[in-house]
Amino acid sequence: MSGSSFAKFGGATSCYLIDADGQQIILDAGTGIKNIPSVFLGDKPINILLSHTHIDHIIGLPFFTPMQEEGRIINVYSVPRNGLSTYDQLSKLFSSPLWPVGISDYPADVRCYDITAPFTVGDFAIDFIDSPHPGGSVVYSINYCGHKIVYATDFEHTGHSIPELTELAKNADVLMYDGQYTDEEYENKRGYGHSTPRIGMKIFENSGAKNLMFIHHAPEKNDDALLELEDAVRTDNIRYAREGVNLIL
Ligand SMILES: [Zn+2]
Ligand SMILES: [Zn+2]
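Structural notes, computed from the coordinates. Quick caveat, the model's predicted, so the values are computed rather than measured. (Residues numbered from 1 in each chain as written. Chains lettered and ligands numbered in written order. Predicted model: local features only at pLDDT ≥ 70, side-chain atom pairs only at ≥ 80, totals over all residues. Heavy atoms only, no water.)

**A word on the coordination of the zinc ion (ligand 2)**
In the first shell of the zinc ion (ligand 2), the protein supplies D56 (OD), H57 (NE2), D154 (OD) and H216 (NE2), at 2.1 to 2.3 Å from the metal. One can describe the donor arrangement at the zinc ion (ligand 2) as irregular, given that its four donor atoms subtend angles of 92 to 161° at the metal. As a motif over one chain, the donors of the zinc ion (ligand 2) read D-H-x96-D-x61-H. (Donors = N, O, S within 2.8 Å, 3.2 Å for Na, K, Ca; no water. Tetrahedral: all angles 85-135°; square planar, octahedral: opposite > 155°, others 65-115°.)

Listed below in structure tokens is the structure:
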């Protein structure tokens, strides 16, 4: 969403940059990826972890400036789904009539990886668990030199997902949690694959994580609506994600 009533929290879809001593990971490639200043990315290989390939999480990729840089290595990691590799899933977007050029037609050297087990990217150790979400998604745990960030976007608190996420988020520095719905809204949105701040707080408290950030705001919630929701839970270490804000650990 855009416009003045979305200026505080931003209207971009999912994208987060993690920088650890100059090593970087980008979480998801929503429209927010366009706003990463190129000076942050330098000229080294770019690493993008996709939670899943729903369109709000990949739609920024065709417009990502480094895609136009000759030979720029862009590594994209995702889980194979429906018998489709990461490359095949992305190619559904990067093909006619949705888009005029394929991934391999870009000047950048885009390398797609199918992940099935814990893996490393530079000095980051990455683990993941399945996230209850239509079509599937994953929750990532990103570990670097004793620090941990857990990215639980597009997560619904069904089945065993609460204890599994609580375990994954144990003592994390940051738990990023899908707080899209209020409890009342959730009653009519069961099975949509999203959660509520109340459940996020419970997981946060039981996990011993140090910071909680609510993410994946509902598109129709403007700044006023989000400020009101945030006011109800905000502390020094609990907040709603805002576009362009840095969290320094
Ligand atoms: Zn999704
Ligand atoms: Zn989403």
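**What about the nonpolar core?**
Soluble globular proteins tend to pack their nonpolar side chains together in the buried interior. If you look at the biggest cluster of nonpolar residues, it comprises 24 residues, and the most contacted ones within it are L49, F119, I126, Y140 and I142. Secondary structure elements with two or more residues in this core: β1 (16-20), β2 (23-27), β6 (119-121), β7 (124-131), β8 (137-144), β9 (147-152), β10 (174-178) and β11 (211-215). For this core, the element with the most residues is β8, which contributes four residues. One finds M201, F214, L226 and Y240 within the second-largest nonpolar core, a separate group that totals 23 residues. (Core = buried A, V, L, I, M, F, W, Y, C linked by side-chain atoms within 4.5 Å. Buried < 20%, exposed > 50% of the residue type's maximum accessible area, 1.4 Å probe, protein only. Helix = DSSP H or I, 4+ residues; strand = E, 2+ residues; numbered from the N terminus.)

**As for unusual backbone geometry**
For the bond running from S96 to P97, omega is 5°, close enough to zero to count as cis. Among the structural elements, P97 can be located in the loop between α2 (86-93) and β5 (109-114). The backbone of C145 sits at a positive phi, close to 45°, despite the residue not being glycine. Take C145: it is sitting in the loop between β8 and β9.

**Brief notes about the pattern of salt bridges**
What the rule picks out here adds up to eight salt bridges. Residue D109 is joined to R111 by a salt bridge in which the shortest nitrogen-to-oxygen separation is 2.7 Å. Judged by relative accessible area, which is 29%, D109 ranks as partly exposed. By relative accessible area, R111 is classed as partly exposed at 35%. Here K221 makes a salt bridge to E185, at a shortest N to O gap of 2.8 Å. Here E185 lies in helix α4 (residues 183-187) and K221 lies in the loop between β11 and α6 (223-231), a separation of 36 residues in the sequence. Among the charged side chains, a network of salt bridges with common partners joins E230, R234 and R242. (Salt bridge = Lys/Arg side-chain N within 4 Å of Asp/Glu carboxyl O.)

The analysis is restricted to geometry; functional conclusions fall outside its scope.
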